[in-house]
Amino acid sequence: MSSTQKATITSLQICVGHREPMRSVEIAKVITGFGIEGDRHATSEGVRVARQALLIDEETLHPLGLSSGDVRENITTTGIDVHSLPEGQHVALGDEVVLKITGHCAPCPRMDEIRSGLQDILRGQRGMLSQVVYGGTIKVGDVVRVLESAPAS
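Small disclaimer: the values here were computed from a predicted structure and weren't measured.

A. Layout of the pairing of strand 5 (residues 53–57). Among the 5 residues that make up strand 5, 5 are buried, leaving the element largely enclosed by the rest of the structure. Burial of strand 5 is two-sided: the residues A53, L55 and D57 facing one way and the residues L54 and I56 facing the other way are all buried. Pairing geometry for strand 5 and strand 9 (residues 128–134), over 3 bridges, is antiparallel. Residue pairing in the sheet places L55 in a bridge with M128 of strand 9.

The following block contains the structure:
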């Protein structure tokens, strides 16, 4: 992200059920150590804790002919290369929410249901998984900032 470019949230989606279409929302409540309220993947226990929210950028989606929510991400951004964020990096969304990047999201076979071969195409670029460090409310249009260090707890 260049110093003059402002990264923002362009879309928010909630997974309401297994194999259900993603539900697009303008505002989402993000819960510390849990995930996005109403999302079926939100959890505070087990290995899925590192998968509380999935981020991807429009700059990855659009060249592939994909739209927000197609790869089942929760948060779509623009102006930031989310794939360049290292594991452990903290990212602020709006004025309240802080996420910790936990790693790349491996594309599942379901991606081939969207388009044949998409699972292979998305390897290394299906988005970044994260854990909620600080919850709050986020909305479409909120600024996304990469934090230089982990915020004090």
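B. Quick look at the side chain of Q13. Among the secondary structure elements, Q13 is positioned in strand 1 (residues 8–14). Given the relative accessible area of 3%, Q13 is considered buried. Only 2.2 Å separates the side chain of Q13 from the side chain of S11, close enough to count as a polar contact. Look past the residues within four positions of Q13 in its chain and what remains in contact with it is M22, R23, S24, D39, S68, G69, E73, N74, I75 and T76.

C. Structural detail: the state of the cysteines. Across all of its chains, the model carries 0 disulfides by this definition. Distance from the sulfur of C15, which forms no disulfide, to the nearest cysteine sulfur (C108) is 11 Å. Residue class for C15 comes out buried when judged on its relative accessible area of 2%. Here C108 stays unpaired: no disulfide links it, and the sulfur of C105, its closest cysteine neighbor, is 7.4 Å away.

D. Just the sheet that holds strand 4 (residues 35–36), in detail. Spatially, the 3 strands line up as an open sheet ordered 4-3-10, and their pairing is antiparallel. The strands lining the two open edges of the sheet, one partner per strand, are strand 4 and strand 10 (136–139). Alignment of strand 3 (residues 27–31) against strand 4, held across 2 bridges, turns out to be antiparallel. Within strand 4, the position partnered with V30 by the bridge is I36.

E. Layout of the environment of I14. You can see I14 is positioned in strand 1. In this structure the C-alpha to C-alpha distance between I14 and A106, which are 92 residues apart in sequence, comes to 19 Å. Filtering out sequence-adjacent residues up to four positions away, I14 remains in contact with M22, R23, V25, I36, E37, G38, D39 and N74.

Cut-offs used in this document
- Residues numbered from 1 in each chain as written.
- Predicted model: local features only at pLDDT ≥ 70, side-chain atom pairs only at ≥ 80, totals over all residues.
- Heavy atoms only, no water.
- Buried < 20%, exposed > 50% of the residue type's maximum accessible area, 1.4 Å probe, protein only.
- Helix = DSSP H or I, 4+ residues; strand = E, 2+ residues; numbered from the N terminus.
- Pairing = 2+ DSSP bridges.
- Polar contact = N/O pair within 3.5 Å; in protein donor to acceptor, adjacent residues only side chain to side chain.
- Contact = heavy atoms within 4.5 Å.
- Disulfide = S-S within 2.5 Å.

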